[in-house]
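If you want the building blocks of each chain, they are given just below.
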Amino acid sequence: MAKSIDVSDLDIYYGDFLAVEGVSMTIRARSVTALIGPSGCGKSTFLRSLNRMHEVIPGARVDGKIVIDGQNMYDADVDPVQVRRSVGMVFQRPNPFPTMSIYENVLAGNRLNSKRMPKSEADSIVEKSLKGANLWEEVKNRLNKPGSSLSGGQQQRLCIARAIAVEPQVLLMDEPCSALDPISTSAIEDLIHDLKSDYTIVIVTHNMQQAARVSEDTGFFNLAGAGKPGRLVEMNPTSKIFSNPDEPSTEAYISGRFG
Amino acid sequence: MTVTEAAPKPPAPVRRTGDVVFSGLARAAGITILVALAGVAVFLTIEGFPAVTAPASAMGGKSGIVLYVWPLLFGTLLAALLAMIIATPLAIGVALVISHFAPRKLSRTLGYLIDLLAAVPSVVYGLWGINFLAPRMVGLYEWLEENLGFLPFFTGPASSTGRTILTASLVLAVMALPIITAITREIFAQTPVLHQEAALALGATRWEMIRMTVFPYGRSGMVSATMLGLGRALGETMAVAMVLSATGVISFNLISSTNPSTIAANIALQFGEASGLKVNVLIFSGLVLFVVTFIVNFLGRAIAGRGYKGESR
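Residues numbered from 1 in each chain as written. Chains lettered and ligands numbered in written order. Predicted model: local features only at pLDDT ≥ 70, side-chain atom pairs only at ≥ 80, totals over all residues. Heavy atoms only, no water.

**A short note on the overall build of chain A**
Along chain A, the regular secondary structure elements total ten helices and ten strands. What you see for chain A is a C-alpha radius of gyration of 18 Å, in line with the 18 Å of a compact globule of 259 residues. Along the three orthogonal principal directions, the C-alpha set of chain A runs to about 55 × 45 × 30 Å. Per-residue burial for chain A yields a buried fraction of 55% across its 259 residues. Accessible surface for chain A amounts to roughly 10800 Å². Of this, 48% is attributable to carbon and sulfur atoms. (Helix = DSSP H or I, 4+ residues; strand = E, 2+ residues; numbered from the N terminus. Rg over C-alpha atoms; globule rule 2.2 N^0.38 Å. Buried < 20%, exposed > 50% of the residue type's maximum accessible area, 1.4 Å probe, protein only. Areas by Shrake-Rupley, 256 points an atom, 1.4 Å probe, with all protein chains shown as cover.)

Listed below in structure tokens is the structure:
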């Protein structure tokens, strides 16, 4: 079910404002691709364009193509709701639904996709997803407690369980650890390692060590200049980016000499 | 050590004159409201009390104050509840359009227009009810009698003027619409973006997202908004007094020409010619209305204040 993503000549606009310009990249299936770069360089915007979540903001639109499995997601006849069902997303701050139990949170996406499912099937989805998110052992005895009763790191893993419960082709993560402590961060990173055998994962991170630890490929985004749109400066295997990058500005950013 | 303890008293904390004056003014305003409220309650109780033992002649032939007030209270509650049944779904729909569906420019205009409804004097609503709405409702009432006459609400005979309790409730619904819309749209607009995005990212449609996040978040707000609207509908006087052709019966028949009156409308219509104990009787009915409205508003505020418990549970 994991699919590769081909992005070509993608421009992203908010109204008349060009936020991200000319991104072309190939994201490999069953691997982790990290996007790094300074704040405001458009990496989160780009990530959100991968499942058309940026369209939630009025006036946002894109030019260019994003092809998953031979289908351009921005073709006129493609329903953004369908795109989001096949490209899951995990956000910066954990956002379980506060009025739902842990159990119902995991099933939230499945409840949307199918009208009725037998209890046994629901149980097995919940168990499988929570195990997939390394959360099962911690919550199996309190599935009916509200999702908000968990710690921040557990909530984030609950959100990952919720995202993988619908078996998406791609999993997008927008700085999933930036609101978490180091122990929870390490738990999520371990989880990302486990998940990449089944999913194509794209992760935005501010933490370069994290990018180096979890990803196979890394894309470095930067602004072309003050007031100019963000662009993809370099995309290479992570080991190359962090040892011998092609672009001097990538090296400047990674070595902390960024200005 | 004792030496340091004997040091001079620390200087008085710095207090700005402006702050002192402002806090005094704010406190005075708050106390004034409480005093006014207590004053009204005391007045109603003292002036209304003689009505408990008033003779039938002071109560339009009714042999007890309860028999006098109950039909009025019934009419008040019936009209207000009907108004809420009509207004609440409409108001929530409008609020959703404003907060989640309409483009920003349109939603702002729509918001202003709805707020403007609250600024129309109730006499104007009364005139509109009598001269515009009531005659146009006659056809509908005849249709209801013919086709749904088996329901107790529509047994007829249909009023030929259209000035029924249902018409009055429609007018009340329009009058209560702005307050319910204003509160619910504020609550809806405050739904955390985080949760809305979570739902959308799971592949929820706009409506599914609203059901998953906006409604659970706004539930207490919707209830309290309805309560406040109910408070408005309960106490509304002029529009009902003008529109309703009241005979003081207790009836669930919504479309006939014999309708229960409401407390407020009854006071407005009778007070001019009342004297002596009749005044006390009317004031007593006012006390009943005061208590009912107070309870409804209190409940509305209490539910609103309890707010959104999801996060803390």
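**Here we look at the interface of chain A and chain B**
Listed as interface residues are 27 residues of chain A and, on the opposing side, 20 residues of chain B. Three residues stand out in chain A for area buried against chain B, namely A:Phe97, A:Pro98 and A:Leu112, and they jointly supply 28% of the buried area on that side. Remark: the boundary between chain A and chain B carries two salt bridges. Ionic pairing is found between B:Glu208 and A:Arg85, a salt bridge with its closest N-O pair at 3.3 Å. Between chain A and chain B we count four residue pairs in polar contact (both at pLDDT 80 or more) in total. Of all elements in the fold, only helix H2 (80–86), strand E6 (87–90), helix H3 (102–113) and helix H6 (152–165) of chain A reach the threshold of two or more residues within the side of chain A that touches chain B. (Contact = heavy atoms within 4.5 Å. Buried area = accessible area lost by both parts, 1.4 Å probe. Salt bridge = Lys/Arg side-chain N within 4 Å of Asp/Glu carboxyl O. Polar contact = N/O pair within 3.5 Å; in protein donor to acceptor, adjacent residues only side chain to side chain.)

**Considerations on the packing of aromatic side chains**
Overall, the coordinates contain ten aromatic pairs over all chains when judged by the stated rule. For the ring pair B:Trp128 and B:Phe132, a centre distance of 6.0 Å and an interplane angle of 15° mean the geometry is stacked. Of the two residues, B:Trp128 and B:Phe132 both sit in helix H5 (residues 122–148), four residues apart, roughly one turn of that helix. A residue is classified by how much of its surface remains accessible, and B:Phe132, at 39% relative accessible area, is partly exposed. Pairing B:Phe290 with B:Phe294 gives two aromatic rings, centres 6.1 Å apart and planes at 25°, and the pair type is stacked. Separated by four residues within a single helix, B:Phe290 and B:Phe294 lie in helix H11 (residues 277–306), roughly one turn from each other. Members of the aromatic cluster, connected to one another through ring pairs, are B:Trp70, B:Phe74 and B:Phe252. Note that A:Arg61 overlies the ring of A:Tyr13, its terminal NZ or CZ placed 4.2 Å from the centroid. Stacked on the ring of A:Phe97, the Lys or Arg A:Arg162 has its end atom at 4.7 Å from the ring centre. (Phe/Tyr/Trp six-rings, centres within 6.5 Å; stacked < 30°, edge-to-face > 60°. Lys NZ or Arg CZ within 6 Å of the ring centre and 35° of its normal.)

**Describing the nonpolar core**
Most often, soluble globular proteins keep nonpolar side chains buried together rather than apart. Counting 62 residues, the largest nonpolar core has B:Leu254 and B:Val281 as its most contacted members. Of all the elements in the fold, those that place two or more residues in this core are helix H3 (65–101), H5, helix H6 (165–189), helix H8 (206–235), helix H9 (238–243), helix H10 (263–270) and H11 of chain B. At 14 residues, the largest contribution of residues to this core is made by H3(B). If sequence neighbours within four positions are ignored, B:Val281 has contacts with B:Ala51, B:Ala54, B:Ala58, B:Met59, B:Ile65 and B:Tyr68. Ranked by size, the runner-up nonpolar core spans 51 residues in total, among them A:Phe97, A:Leu172, B:Ala198 and B:Leu202. (Core = buried A, V, L, I, M, F, W, Y, C linked by side-chain atoms within 4.5 Å.)

**Looking at the UniProt feature "domain: ABC transmembrane type-1" (unreviewed entry) in chain B**
UniProt feature "domain: ABC transmembrane type-1" (unreviewed entry): in the numbering of this structure it lies at residues 73–300 of chain B. For residues 73–300 of chain B, helix accounts for 76% and strand for 0%, while the C-alpha atoms at its two ends are 20 Å apart. (UniProt positions renumbered as here; feature names shortened; annotations may be inferred.)

**A look at the side chain of B:Glu197**
Position of B:Glu197 relative to the elements: it lies in helix H7 (residues 193–201). Assessed through its relative accessible area of 12%, B:Glu197 is described here as buried. Excluding its chain neighbours within four sequence positions, the residues that come into contact with B:Glu197 are A:Arg48, A:Met53 and A:Phe91.

**A few points about the UniProt feature "transmembrane region" (unreviewed entry) in chain B**
Residues and elements named next belong to chain B. Mapped onto the present numbering, the UniProt feature "transmembrane region" (unreviewed entry) falls on residues 25–45, 65–98, 110–134, 165–184, 237–255 and 281–304. Counted over residues 110–134, helix gives 92% and strand 0%. Its end C-alpha atoms are 26 Å apart. Taken end to end, residues 237–255 has its terminal C-alpha atoms 20 Å apart, with 32% of it in helix and 0% in strand.

**With respect to H7(B)**
All names here are of chain B. Taken across its nine residues, H7 has seven buried, putting it largely inside the fold. Residues of H7 that are buried include every one of His195, Gln196, Glu197, Ala198, Ala199, Leu200 and Ala201, and no others. A positive backbone phi angle near 90° is found at Gly203, which sits one or two residues after H7.

**Let's talk about H8(B)**
Residues and elements named next belong to chain B. Under the 1.5 Å per step criterion, the end-to-end length of H8 is only 38 Å for 30 residues, more than 12% shorter than the ideal 44 Å. Along H8, the sharpest change in direction is near 55° and occurs at Arg219. Burial of H8 is extensive: 23 of the 30 residues sit out of reach of the surface. (Expected span 1.5 Å × (residues − 1). Bend = angle between axes of the 7 residues up to and from the residue.)

**Some points on the environment of B:Val171**
Residues and elements named next belong to chain B. Topologically, Val171 is positioned in helix H6. Classification of Val171 by relative accessible area gives buried; the value is 1%. Between the C-alpha atom of Val171 and that of Val243, which follows or precedes it by 72 residues, the distance is 8.6 Å. If we skip the residues at most four places from it in the chain, Val171 touches Tyr125, Trp128, Gly129, Leu133, Ala239 and Val243.

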